[in-house]
Amino acid sequence: MTEDDAHKLLSASSTLNAGKFYGSSEGLSLGAGLIYENIRCPIFDIADRVFLTLELPVYVLTHECDVDSTNRRAFNDYLTVCPLIPLQHFLREHSAWFHGDTELRCFLAAVAERRVNRLAYLPPGPSKLASGAFLYLNKLASTHVCEFNAVKPVASVSAFGLATIDQIFANHFLRPKSDRLSFSI
Amino acid sequence: MNTLDTSFMHHLSVEPFEVVNTRLHVPICTSEPIFKNSTTTPETRPSAEIISRDITPIEDLILHRATLSAGKLIFKGRLVRE
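These numbers come from a predicted model, not from an experiment.

Caption draft 1: Fine view of the overall build of chain A. For chain A, the count of helices and strands is four helices and eight strands. The N-to-C order of helical and strand elements in chain A reads α-β-β-β-β-α-α-β-β-β-β-α. For 185 residues, the compact-globule estimate of 2.2 N^0.38 gives 16 Å, and chain A sits close to it at 18 Å. Projected onto its principal axes, the C-alpha coordinates of chain A cover approximately 55 × 50 × 40 Å.

See below:
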């Protein structure tokens, strides 16, 4: 499947308003909703069971007040990011495992329709987001603010985009527990 | 009965201990917390999503490999101790 075909399938299945999803990053300070490239963060290597250090495209989750450089205080030097998986990289890896498009079509449609809890689809945007990307919600990473000192964001989501992503994270992380805990009402 | 000898106490001096008032530093975050009190039930409870499609182990592996291929490997540590 080509990137174009995948993009058409995702767009057709998604209810996101792609035209409203991104906005200008000009003048915005480091914080939630910004997208950067080449940020060093750890990713667990399944084969060797060690953490790798990679430079990745990331979506910033930490609120800007927590890492405000003008507000000197303790505990404002680390922030949480979610690595981005650009669609073209996913398609390339997928084609190495599956020859047909059947599984891929089902998978992409399910992600775009928000039926896969752990993944969020981001519509096409600037730079590496040209064909869209995925956020793997359980693959969050922590990195130091110094990683952002000399770089500028490649994109920012809009207020609409931020509200959409926030709701996705809220749905994912704040789901009611399946197991019954002590003192449950 | 043993009594506490407090005669040495007049030699002691207490150093002033100052706690930095972080409120003096500006700007202060003005965002409202989502949940005003952690002991109460959230006012807006996120909807429990109906999961009709899970990620298969192969898809999980593909997502992992795609994450790695989207970046540049800088360092791979070695196991120091089992």
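Caption draft 2: A look at the packing of helix H1 (residues 3–13) of chain A against helix H3 (residues 102–112) of chain A. Residues and elements named next belong to chain A. The N-to-C vectors of H1 and H3 enclose an angle of 40 degrees; their axes lie 8 Å apart at closest approach. Classified by the angle between their axes, H1 and H3 sit oblique to one another. Crossing angle aside, the handedness with which H1 passes H3 is right-handed. Side by side, H1 and H3 meet where Ala6, Leu9, Leu10 and Ser13 of the first sit next to Arg105, Leu108, Ala109 and Ala112 of the second.

Caption draft 3: Examining the nonpolar core more closely. In this structure, Val58, Tyr59, Val60, Val81 and Phe134 of chain A are the most contacted members of the largest nonpolar core, which totals 49 residues. Ignoring any residue separated from it by four or fewer positions in sequence, one finds Val58 of chain A in contact with Tyr36, Ile39, Cys41, Val81, Cys82, Pro83 and Leu84 of chain A.

Caption draft 4: Quick look at the interface of chain B and chain A. Between chain B and chain A, the contact holds 32 residues from the first and 41 residues from the second. Sorting the residues of the side of chain B that touches chain A by element identifies helix H1 (57–69) and strand S1 (72–76) of chain B as the ones contributing at least two each. Counting residues per element, the side of chain B that touches chain A draws most heavily on H1 of chain B, which supplies 10 residues. For the side of chain B that touches chain A, a count of residues per class yields 16 nonpolar, 10 polar and six charged. As defined by bridge partners, strand S3 (residues 50–60) of chain A adjoins S1 of chain B across four bridges and the pair is classed as antiparallel. By the bridge assignment for S1 of chain B, Leu54 of chain A is matched with Leu73 of chain B.

Caption draft 5: Just unusual backbone geometry, in detail. All names here are of chain A. At Ser127, a position not held by glycine, the phi torsion is positive, near 55 degrees. For Ser127, the location among the structural elements is in the loop between strand S5 (119–122) and strand S6 (133–136). What makes Ser127 partly exposed here is the crowd of 13 C-beta atoms within 10 Å.

Caption draft 6: Representation of H3 of chain A in the model. For H3 of chain A, every residue scored as buried is listed here: Leu104, Phe107, Leu108, Val111 and Ala112 of chain A. End-on, the buried residues of H3 of chain A take up no more than an arc of 125 degrees, which puts them together on one face. In H3 of chain A, those exposed residues whose orientation departs by more than 90 degrees from the buried face are Thr102 and Cys106 of chain A. Buried-residue contacts for H3 of chain A involve H1, helix H2 (87–97), S5 and S6 of chain A together with H1 of chain B. Arg114 of chain A sits one or two positions beyond H3 of chain A and adopts a positive phi of about 65 degrees.

Caption draft 7: Just the pairing of S6 of chain A, in detail. All names here are of chain A. Judged from the three bridges that link them, strand S4 (residues 78–86) and S6 form a sheet pairing that is antiparallel. Directly across from Ile85, in S6, lies its bridge partner Phe134. Pairing between S5 and S6: four bridges, direction antiparallel. Considered in S6, the bridge of Leu122 is made with Ala133.

Caption draft 8: Spotlight on H2 of chain A. Looking at H2 of chain A, one finds that the buried residues are Leu87, Gln88, His89, Phe90, Glu93 and His94 of chain A. Summarising the contacts, the buried residues of H2 of chain A are in contact with H1, S4, H3 and S6 of chain A together with H1 of chain B.

Caption draft 9: Quick look at the pairing of S4 of chain A. Residue and element names in this part refer to chain A. Here S4 lies mainly inside the structure; seven of its nine residues are buried. Note that S3 and S4 share three bridges and pair antiparallel. Bridged to Tyr59 within S4 is Cys82. Bridge count between S4 and strand S7 (residues 141–144): four bridges; the pairing is antiparallel. Counted as the bridge partner of Thr80 is Ser142 from S7.

Caption draft 10: Representation of the environment of His99 of chain A in the model. Residue and element names in this part refer to chain A. Within the secondary structure, His99 is located in the loop between H2 and H3. For His99, a count of 8 C-beta atoms within 10 Å gives the class exposed. Residues His99 and Met1, spaced 98 residues apart in sequence, show a C-alpha to C-alpha distance of 9.5 Å.

Rules and cut-offs
- Residues numbered from 1 in each chain as written.
- Chains lettered and ligands numbered in written order.
- Predicted model: local features only at pLDDT ≥ 70, side-chain atom pairs only at ≥ 80, totals over all residues.
- Helix = DSSP H or I, 4+ residues; strand = E, 2+ residues; numbered from the N terminus.
- Rg over C-alpha atoms; globule rule 2.2 N^0.38 Å.
- Axes fitted to C-alpha atoms, helices over the stretch in contact; angles between N-to-C directions.
- Parallel < 35°, antiparallel > 145°, perpendicular 65-115°, else oblique.
- Left-handed = near helix turned anticlockwise from the far one by under 90°.
- Contact = placed C-beta atoms within 7 Å.
- Core = buried A, V, L, I, M, F, W, Y, C linked by C-beta atoms within 7 Å.
- Buried ≥ 20, exposed ≤ 12 C-beta atoms within 10 Å, placed from the backbone.
- Nonpolar A, V, L, I, M, F, W, Y, C, P; charged D, E, K, R; others polar.
- Pairing = 2+ DSSP bridges.
- Arc of directions from axis to C-beta.

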